[in-house]
Amino acid sequence: MSRRRPPAARRGAAVNACCRLDWRSRGICSRDAGVLLRENLKTLRHTILREDAVFEKVWTKSSRSPIAYGYGRIYFENYRCCYTSLQARPRLLYELPKRARSEKIEDVLICTCPLDQPGQRSSLLALTADNWLYRLCQDTGGQLQRVCLSAQHKFRYLGWDVPQERFYIKSIQHKPGRQGNNRDGTVLYLATFLAFPLKLVGVLEISSAAFGKTVVDAILSQGVLAVSHSSSCVKLYSFESILDTFRTQELVLGEPCAWNAARCVVGEPPLGIPVNIKVDAPPLALFEVNYLDNYIDCGVQIGGHPWHYIYAPKNKKHRGSYHVCSLRSGHLAKNGVQDMNCRSLESDWIYFHPDDSGRIIHVGPSTINVLKILNDGGGDAQSEVALDFAIKAPRTQNDASAVTVTSSGRTVRRRVQQLDDDPEQETFKSVEYEDELDLLAVVDITHVEEEGKANVRLHDNQNGALMKTVPLLESWDVTSSQDLFFDRDTIVHIEQEKNSNFCCHVYKIRSMHAEDQ
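Calculation rules
- Residues numbered from 1 in each chain as written.
- Predicted model: local features only at pLDDT ≥ 70, side-chain atom pairs only at ≥ 80, totals over all residues.
- Heavy atoms only, no water.
- Pairing = 2+ DSSP bridges.
- Helix = DSSP H or I, 4+ residues; strand = E, 2+ residues; numbered from the N terminus.
- Axes fitted to C-alpha atoms, helices over the stretch in contact; angles between N-to-C directions.
- pLDDT = per-residue confidence, 0-100.
- Contact = heavy atoms within 4.5 Å.
- Phe/Tyr/Trp six-rings, centres within 6.5 Å; stacked < 30°, edge-to-face > 60°.
- Buried < 20%, exposed > 50% of the residue type's maximum accessible area, 1.4 Å probe, protein only.
- Disulfide = S-S within 2.5 Å.
- Salt bridge = Lys/Arg side-chain N within 4 Å of Asp/Glu carboxyl O.
- Arc of directions from axis to C-beta.
- Polar contact = N/O pair within 3.5 Å; in protein donor to acceptor, adjacent residues only side chain to side chain.

Looking at an unreviewed UniProt entry, one finds the protein chain named DDB1- and CUL4-associated factor 17 and attributed to Denticeps clupeoides.

Chemist: Got a sec to walk through the sheet that holds strand S31 (residues 427-434)? Specific residues and values, please.
Modeler: Strand-to-strand pairing in sheets goes through backbone hydrogen bonds, with the strands running parallel or antiparallel. Judged by pairing direction, the sheet is antiparallel, and its four strands sit side by side in the order S31-S32-S33-S34 without closing on themselves. Edge positions in the open sheet fall to S31 and strand S34 (466-475), since each of these has one partner strand only. Across this sheet, the average inter-strand angle for adjacent strands is 25 degrees, counted without regard to direction. Across ten bridges, the pairing between strand S32 (residues 439-448) and strand S33 (residues 451-460) is antiparallel. Directly across from threonine 446, in S33, lies its bridge partner lysine 453.

Chemist: Which residues make up the sheet that holds strand S7 (residues 123-128), and what are the values?
Modeler: Strand order in this open sheet of four strands is S6-S7-S8-S9, and the pairing throughout is antiparallel. Edge strands, defined here as strands with exactly one partner in the open sheet, are strand S6 (105-111) and strand S9 (143-148). Averaged over all pairs of adjacent strands, the angle between their axes in this sheet comes to 20 degrees, without regard to strand direction. Two elements, strand S8 (residues 132-137) and S9, share five bridges in a ladder whose sense is antiparallel. The partner of tyrosine 134 across the bridge, within S9, is arginine 146.

Chemist: Please set out the pairing of strand S5 (residues 91-95) residue by residue, giving values where relevant.
Modeler: The two faces of the sheet receive side chains in turn, since in a regular strand these alternate between them. In the sheet, strand S4 (residues 81-84) pairs with S5 via four bridges, with the strands oriented antiparallel. Paired with tyrosine 83 across the bridge in S5 is leucine 92. Joining the antiparallel neighbours S4 and S5 is a turn of six residues.

Chemist: Provide a residue-level description of the confidence of the model for the protein chain, including the pertinent values.
Modeler: The share of residues in the protein chain with pLDDT of 70 or more is 81%, and the mean pLDDT across the chain is 85. pLDDT under 50 marks residues 1-11. Its contacts with residues more than four places away, or in other chains, come to twelve contacts.

Chemist: So what about the packing of aromatic side chains? Which residues, and what values?
Modeler: Applying the stated criterion across every chain, the model contains twelve aromatic pairs. Taking 6.1 Å as the distance between ring centres and 80 degrees as the angle between the ring planes, the aromatic pair formed by tryptophan 59 and phenylalanine 76 counts as edge-to-face. Remark: phenylalanine 76 occurs in strand S3 (residues 73-76) and tryptophan 59 occurs in strand S1 (residues 53-63); sequence separation between them is 17 residues. Tryptophan 59 gets classed as buried once you look at its relative accessible area, which sits at 10%. Measuring from ring centre to ring centre gives 5.2 Å for tyrosine 69 and phenylalanine 485, while their planes differ by 40 degrees; the resulting arrangement is tilted. Here tyrosine 69 is found in strand S2 (residues 68-70), whereas its partner phenylalanine 485 is found in strand S35 (residues 482-487), with 416 residues between them in sequence. The class of tyrosine 69 is buried, set by a relative accessible area of 13%. With a relative accessible area of 22%, phenylalanine 485 lands in the partly exposed category.

Chemist: An account of the state of the cysteines is needed here, citing residue identities and associated values.
Modeler: Under the counting rule described, the total for this entry stands at zero disulfides. Free of any disulfide, cysteine 81 has its nearest cysteine sulfur in cysteine 82, 9.0 Å distant. Judged by relative accessible area, cysteine 81 falls into the buried class, the value being 6%.

Chemist: Could you give an account of the pattern of salt bridges, with specific residues and numbers?
Modeler: Summed over all chains, the structure comprises 21 salt bridges. Residue arginine 80 pairs with glutamate 77 through a salt bridge whose shortest N-O separation is 2.5 Å. Here glutamate 77 falls in the partly exposed class, since its relative accessible area comes to 38%. Residues arginine 457 and glutamate 426 are paired through a salt bridge, measuring 3.5 Å at the closest nitrogen-oxygen approach.

Chemist: Can you explain helix H5 (residues 239-246)? Please cite residues and give values.
Modeler: Phe239, Ile242, Leu243 and Phe246 are the residues of H5 that are buried. Seen along its axis, H5 keeps its buried residues to an arc of 105 degrees; they face one direction. Along H5, exposed side chains directed more than 90 degrees from the buried face belong to Asp244 and Thr245.

Chemist: Could you give me a rundown of the side chain of glutamate 474, with the residues and numbers involved?
Modeler: The topology assignment puts glutamate 474 in strand S34. Within the local environment of glutamate 474, its side chain forms a polar contact with the side chain of lysine 57, the two groups lying 2.9 Å apart. Side chain to side chain, glutamate 474 and histidine 493 meet in a polar contact 2.6 Å long. Look past the residues within four positions of glutamate 474 in its chain and what remains in contact with it is Lys57, His493, Glu495, His505 and Tyr507.

Chemist: Account for the environment of aspartate 339, with residues named and values stated.
Modeler: As for its position among the elements, aspartate 339 is in the loop between strand S24 (332-338) and strand S25 (349-352). Given the relative accessible area of 36%, aspartate 339 is considered partly exposed. A sequence separation of 17 residues divides aspartate 339 from tyrosine 322, and the C-alpha atoms of the two residues are 6.5 Å apart. In contact with aspartate 339, other than residues within four places in its own chain, are Gly320, Ser321 and His362. Here asparagine 341 takes part through its backbone nitrogen, which lies 2.8 Å from a polar atom of the side chain of aspartate 339.

The structure is reproduced here in structure tokens:
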């Protein structure tokens, strides 16, 4: 029997939220989970962008320790207390027992269960100061699994290699030539795991003997090992190739293994997990580039369609600009030099768009450029960076603001030009992408009576059109730490207050029309 389709849907006409809800109640829409989710998100986007729908502050909570947010959860007291923000007002989900200082949580990752693995549970991966990795239930905080990492190497950082698939735990770094644990030139260790189900991949040793005397740091990203050097150079290696070549043995959590002529259980005290990926010869580097130190956190970013990389050149001639180059040929793309030409205290920033479109987002004090990479010829043909759309802050001309007329009629011209991020002007401070609603949330700041006022501007991700503006009720201090999250029908603003405390503000969508009824 064929599925019925609504007449409006067959014609391709625009459909409002009421029609979608009516079709769903009568079973007319597809019963496929993915299709239903997409239809629900279309309905939610339409509801949020309606003129009579407003974001209302529904909850505020302060804390003496930093506050974190992720996937509808707000974490207080170093992840000990968890609130859910999925309801009309946040409520306490669970509260864990207090830990000793030696067992405190140092870093976390939030793992959301993939749709194709219904037997798995969403969880919180927590790394503690005593070198244990805990997998906690996201809804109750209950312990699902725990792994002893090492009795010799201090692990401190968690990060995603492939988001929601494979993660790594990085140890503290040692300078080459120091005494103690670094007599063999080891700089750090990377322990890698699969997330669903939790499975050990291996522990990789990063040493100066294998990767060079100037090696200072290393991370994993999208199956690539990126090794940074003190000479402001980054080298990229295939992690899979390193696994195939240098992994001495495969280890399974909870199973016995031989380690230095002794027997131990993998992931159990006292030894934890042995180092089973020892690079004893310099591996083949896929790619190498010099960059301006500290200009981009990781030195170089890789993305786009086809593959490109972004970096800040070291030479003074191009200081303040970013270069977009083909990863295949290493050649600079046409219009690949991106420079905001702005005078500001804070530098502009650039990154590949998280929507997997291959585009680039370049953010300055008053302009956000969304760029696309064109490569019609394919192969080795030179690619081109073109503007897809730009978002501009409404500002007056600098020339007009540089001239002031006094009460006596005397004209005074400023000797120093106004900065692009001057507090008197509207300035962009943050850009957040909401993937399920396909909206960009842009925070712009203006100062009224020496107090920062923030607006969250919702822009269409495809063309940059301004769809809605949400004013935040609390002030925004540009000199302190500020974070904003836009998640479906919720806006979460986390700020560090002047008294060094932290505060979380939660906004929820509300329909003025529904309230009147």
